[in-house]
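Single-letter residue listing:
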Amino acid sequence: AQSVAQPEDQVNVAEGNPLTVKCTYSVSGNPYLFWYVQYPNRGLQFLLKYITGDNLVKGSYGFEAEFNKSQTSFHLKKPSALVSDSALYFCAVRDWDSGYSTLTFGKGTMLLVSP
Amino acid sequence: ETGVTQSPTHLIKTRGQQVTLRCSSQSGHNTVSWYQQALGQGPQFIFQYYREEENGRGNFPPRFSGLQFPNYSSELNVNALELDDSALYLCASSPGQGAAYEQYFGPGTRLTVT
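Residues numbered from 1 in each chain as written. Chains lettered and ligands numbered in written order. Predicted model: local features only at pLDDT ≥ 70, side-chain atom pairs only at ≥ 80, totals over all residues. Heavy atoms only, no water.

Caption draft 1: Spotlight on the overall build of chain B. From N to C terminus, chain B includes zero helices and eleven strands. Computed over C-alpha atoms, the radius of gyration of chain B comes to 13 Å, within 12% of the 13 Å expected from 2.2 N^0.38 for 114 residues, which places it in the range of a compact globule. Expressed along its principal axes, the backbone C-alpha trace of chain B runs to roughly 40 × 25 × 25 Å. Within chain B, buried positions represent 49% of all 114 residues. In chain B, the share of contacts with a sequence separation of at least 24, taken over all contacts with a separation of at least 6, comes to 53%. (Helix = DSSP H or I, 4+ residues; strand = E, 2+ residues; numbered from the N terminus. Rg over C-alpha atoms; globule rule 2.2 N^0.38 Å. Buried < 20%, exposed > 50% of the residue type's maximum accessible area, 1.4 Å probe, protein only. Contact = heavy atoms within 4.5 Å.)

Caption draft 2: A look at the interface of chain A and chain B. Each side of the interface is counted separately: chain A has 19 residues, and chain B has 21 residues. When chain A packs against chain B, close to 1500 Å² is buried across both sides, 55% of that on carbon and sulfur atoms. Taken together, the links from chain A to chain B amount to four residue pairs in polar contact (both at pLDDT 80 or more). Those elements that provide at least two residues to the side of chain A that touches chain B are β5 (31–38), β6 (44–50) and β10 (87–95) of chain A. Counting residues per element, the side of chain A that touches chain B draws most heavily on β5(A), which supplies four residues. In the side of chain A that touches chain B, the residues fall into ten nonpolar, five polar and four charged. (Buried area = accessible area lost by both parts, 1.4 Å probe. Polar contact = N/O pair within 3.5 Å; in protein donor to acceptor, adjacent residues only side chain to side chain. Nonpolar A, V, L, I, M, F, W, Y, C, P; charged D, E, K, R; others polar.)

Caption draft 3: How the structure looks around the sheet that holds strand β8 (residues 74–78) of chain B. Residues and elements named next belong to chain B. Read across the sheet, four strands follow the order β1-β3-β8-β7 without closing on themselves; strand pairing throughout is antiparallel. The open sheet is flanked by β1 (5–7) and β7 (64–68), the only strands paired with a single partner. On average, each strand axis in the sheet is inclined to that of its neighbour by 20 degrees, with strand direction left out of account. Across five bridges, β7 lies against β8 in antiparallel orientation. The residue of β8 that forms the bridge with L67 is E75. (Pairing = 2+ DSSP bridges. Axes fitted to C-alpha atoms, helices over the stretch in contact; angles between N-to-C directions.)

Caption draft 4: Quick look at the confidence of the model for chain B. A residue-level look at chain B finds 98% of positions with pLDDT of 70 or above and a mean pLDDT of 93. Per-element confidence in chain B is highest for strand β3 (residues 19–24) of chain B, whose mean pLDDT is 98, and lowest for strand β6 (residues 53–57) of chain B, whose mean pLDDT is 87. (pLDDT = per-residue confidence, 0-100.)

Caption draft 5: Highlighting the side chain of B:S33. Residues and elements named next belong to chain B. Relative to the elements of secondary structure, S33 occurs in strand β4 (residues 31–37). A polar atom in the side chain of S33 sits 3.1 Å from the side chain of Q48. There is a polar contact of 3.3 Å between the side chain of S33 and the side chain of Q103. Look past the residues within four positions of S33 in its chain and what remains in contact with it is F45, F47, Q48, L90, C91, A92 and Q103.

Caption draft 6: Region of the structure containing the pairing of β3(B). Residue and element names in this part refer to chain B. Of the two faces of β3, the one holding V19, L21 and C23 is buried and the one holding T20, R22 and S24 is not buried anywhere. Relative to β3, β1 runs antiparallel, the two being bridged by three bridges. Bridging from a neighbouring strand, S7 pairs with R22 of β3. Where β3 meets β8, five bridges bridge the pair, whose relative direction is antiparallel. Directly across from V19, in β8, lies its bridge partner V78.

Caption draft 7: Summary view of the pattern of salt bridges. Counted under the stated rule, the structure contains nine salt bridges over all chains. Among the ionic pairs, A:D85 bridges to A:K78, the shortest N-O distance being 2.8 Å. For A:K78, a relative accessible area of 8% gives the class buried. Each of B:R63, B:E82 and B:D85 takes part in salt bridges that share partners, so that together they form one network. (Salt bridge = Lys/Arg side-chain N within 4 Å of Asp/Glu carboxyl O.)

Structure (structure tokens):
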């Protein structure tokens, strides 16, 4: 079975400071990893994905994520947070080795950026 | 390019009733997945359709069923509604069924069962 853990229910950061939203995963094979963002009363919006290759993945709106195989982590980062980044962030994983097509999400982390 | 759309936006049903939710996939996308997002939780995979065939299913009972049409739009049907079925139902489309494809989500249908 595959699973995702987002250990923080909420992350608070001041505008202009760097932010990190943590994600760890568990799969039996090699993972495909994704980050999505959800604004109030909206569906999920794709931010970035790791398939293979460089461990640092760049995505939309200045976000990036670092894949660390030894720590089974895929933390979301941004060098300088904006108030408009405040939203609910979800990490998700697919185990492609086992042919598992299901996308498994974490429970989400609320990011609050204060002015 | 039109994104993923879902209808209705909100729905209130009574326990025991049946409901049909609809989804139009993004242009060029042949794969549709449905998710249930309970309050305060991450989305949970219900099932996936690829070219009108169900090709993946999560841990949901048979009273959750679906269809995909030749134009790749899709329906989610839930029979014998229970209070715990109250949730945001999300539809997502992707250009293929492969695991590497990201999914594009619609705004969701908020279902309330009373």
